[in-house]
Amino acid sequence: EEKMMELTGGSWIKQRMAFEALDRKGFDYCGNTVVVEENYKDLPKIAAEVIQHRIYLHNFILHNAYYAWSDGRARGTQARYIDVYPYLREAVEILDAAGVGVNIRYAPLCSMAGLEKHVVGIVGVRFDPYEWGNAIEHMPGIDGGYGDPVMQGKRLPSIGGQPSPGAELLPARGKIGDMDIFNVRGIGAAKVFPRDPCGACKSITVCDGVDGNYLNRNGSKEFVPYAIERGENLDTARINYLAPFFVKLKPDASMKDVVKASILPEKVKAQPSVAIIIPSYNQEMFIMRAIDSALAQTYKNVQVIVCDDASTDRSRSIIESYKTGIGAIYNDTNSGQPAYMRNAGIFSAGLSMADLILCLDADDWIEPTMVEECVKAFEENPDAGIVYTGTQCFGLDEVYWPAGKFEYGMLIHGNQFSYCSMFKREIWEKVNGFKTNVRGAEDWSFWIEAAGLGYKAVGIDKPLFHYRRNKEGLFETDVVPHFDDKFRQIILNNPELYPAAMSEDARAGVAIRRQVS
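It should be emphasised that the depicted structure is a prediction, and the values quoted were computed from it without experimental measurement. (Residues numbered from 1 in each chain as written. Predicted model: local features only at pLDDT ≥ 70, side-chain atom pairs only at ≥ 80, totals over all residues. Heavy atoms only, no water.)

Novice: Give a description of the sheet that holds strand β4 (residues 119-120) that names residues and reports values.
Specialist: In space, the four strands of this open sheet follow the order β1-β2-β3-β4, with parallel pairing throughout. With partners counted over all chains shown, the strands left at the sheet margins are β1 (29-35) and β4, one partner each. Of the strands in this sheet, β1, β2 (55-62) and β3 (101-105) are in contact with helix α4 (residues 81-97), which crosses β2 at around 180 degrees. (Pairing = 2+ DSSP bridges. Helix = DSSP H or I, 4+ residues; strand = E, 2+ residues; numbered from the N terminus. Contact = heavy atoms within 4.5 Å. Axes fitted to C-alpha atoms, helices over the stretch in contact; angles between N-to-C directions.)

Novice: Describe the packing of helix α16 (residues 442-452) against helix α18 (residues 483-493), listing the residues and the values that go with them.
Specialist: The N-to-C vectors of α16 and α18 enclose an angle of 30 degrees; their axes lie 10 Å apart at closest approach. With respect to α18, the axis of α16 lies roughly parallel. Considering only the axes of α16 and α18, their crossing is right-handed. On α18, the residues that touch Trp-444, Ser-445 and Ile-448 of α16 are Phe-483, Phe-487, Ile-490 and Asn-493. (Parallel < 35°, antiparallel > 145°, perpendicular 65-115°, else oblique. Left-handed = near helix turned anticlockwise from the far one by under 90°.)

Novice: Before we move on, can you summarise the pattern of salt bridges with the specific residues and values?
Specialist: Across all of its chains, the model carries 21 salt bridges by this definition. A salt bridge links Arg-89 to Glu-93, with the nearest nitrogen and oxygen atoms 3.6 Å apart. Of the two residues, Arg-89 and Glu-93 are both situated in helix α4; the distance of four residues between them amounts to about one turn of the helix. Classification of Arg-89 as partly exposed rests on a relative accessible area of 30%. (Salt bridge = Lys/Arg side-chain N within 4 Å of Asp/Glu carboxyl O. Buried < 20%, exposed > 50% of the residue type's maximum accessible area, 1.4 Å probe, protein only.)

Novice: Account for a negative patch on the surface, naming residues and giving values.
Specialist: A cluster of acidic residues, Glu-2, Glu-6, Glu-37 and Glu-38, forms a negative patch at the surface. Judged by relative accessible area, Glu-37 falls into the partly exposed class, the value being 36%. (Patch = residues over 30% accessible without salt bridge, like charges linked within 9 Å, V, L, I, M, F, W, Y side chains within 5 Å. Areas by Shrake-Rupley, 256 points an atom, 1.4 Å probe, with all protein chains shown as cover. Lys, Arg positive; Asp, Glu negative; His and termini not counted. Charge placed at Lys NZ, Arg CZ, Asp CG, Glu CD.)

Novice: Help me get a handle on the pairing of strand β17 (residues 456-469), residues and values and all.
Specialist: One ladder, built from two bridges, connects strand β13 (residues 365-366) with β17; its direction is antiparallel. Residue pairing across strands places Ile-366 opposite Phe-465, the latter belonging to β17. By the bridge criterion, eleven bridges tie strand β14 (residues 384-395) to β17 in an arrangement that is parallel. Across the sheet, the residue bridging to Gly-390 is Pro-463, located in β17.

Novice: Quick one: what's the story with the packing of aromatic side chains, residue by residue and with numbers?
Specialist: Per the counting criterion, the structure on display carries 21 aromatic pairs. Consider the rings of Phe-434 and Phe-446, whose centres lie 4.3 Å apart with planes at 25 degrees: the pair is stacked. One end of the pair, Phe-434, is in the loop between α15 (425-430) and α16; the other, Phe-446, is in helix α16, and twelve residues separate them in sequence. The two residues Phe-434 and Phe-446 agree in class, both being buried. Ring geometry for Phe-483 and Phe-487: centres 5.9 Å apart, planes at 20 degrees, overall stacked. In this pair, Phe-483 and Phe-487 both sit in helix α18, four residues apart, roughly one turn of the helix. Site record: aromatic cluster; members linked through ring pairs are Tyr-388, Phe-406, Phe-417, Phe-423, Phe-434, Phe-446 and Trp-447. (Phe/Tyr/Trp six-rings, centres within 6.5 Å; stacked < 30°, edge-to-face > 60°.)

This is how it looks when you write it as structure tokens:
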């Protein structure tokens, strides 16, 4: 209480009462700690207090005194990075272990070695929705300040390059004490880079730099160059750390649960059960190969469920010829919706508590090791919610579609992996199943919804899935000729996951203006 009054003039007792009032109401919220000379040793205690409450993201703001050095107000308040680091690291470990997200604001990257994924500053601020409202244009407004003209509601960029006008890395000449300065960050030289040691650093493009007054006071010996490039635009570890990127869309959203799940993902259990769902309609020519490929899996904890959508050919008798090894669902009236039959099969599998789901259309087939290799990928990537593979096409063409790197910013513009990808059953439950208003593209909408909940996807670049291309197929007859309509509906299914302009275009029924998200 005494330290709180000394540092802020406020009461810690009242602050804690506010936390407890929010906790009782079940409201999830963020917290801030400004780190100064007087409190940095208390950071682990602060972290231990934070995890007692419903705080889902905590910001440690390392006090940058450069804006007030000229009149002497800031003297004695800015703690040295080298002194703060061990206490801050301990605090971060406490919060990580409890599944609370962490941002560290305004520090040279190397001063937080090992904590790079948490670092946000001049370079990374536009990747922080809580600091800048998803604005890309982090640049001075008309009045020269960072006011309303900046806050355009644009979402986070996924492309490389300089941060933005006003924060570029610029060449410079000069000295601070006996230190040569060779670069500055931003107009007005708010942050600087001494040639020794920064000249040898491979990660200068993603570093804020150092306050000149700090250098003048403490020198540069505590800073150690990176030998490996950390990323063109922002440290890749930061981009892959999902916790700070979730934005609350509803006041009562369970942010604490979502953030915790992204930091401490639940691993698939040993030998998870896998359900292979095979929807079918009039596929008497091909369905046996699909079923046989599902039954031939080297991984044995598998159930196969065939979902017949009121076929009028010999499909039902073929399905019934399998006396053992498969389950079957028969629809009385044709739905014309692969999504409908997939949902029915997954619901049936859920009754037997299948852990992982793989959908396989009746005219396609999978390699014997597909399930085994996908399960292994889940075991090796506990934060994954989806595992996809390379796709070998056959029929109209024999092109191979490799399993590229998953990137959410690209997924919302075009599907990155096939419908025949394995996913955790919990995803299907959380997104309320496959949508039936995007016939033929329901898998793409499903993947977008899953990624919007924070689920990652991992690829296996092997031709484990064989996809039949034919002129009568649903993709060729419905999706391709009506792609714009399908895309518009997918955006309407997930409006909060798209840039505002794209959602507006979809609602207006006009051509979609694609924007980077």
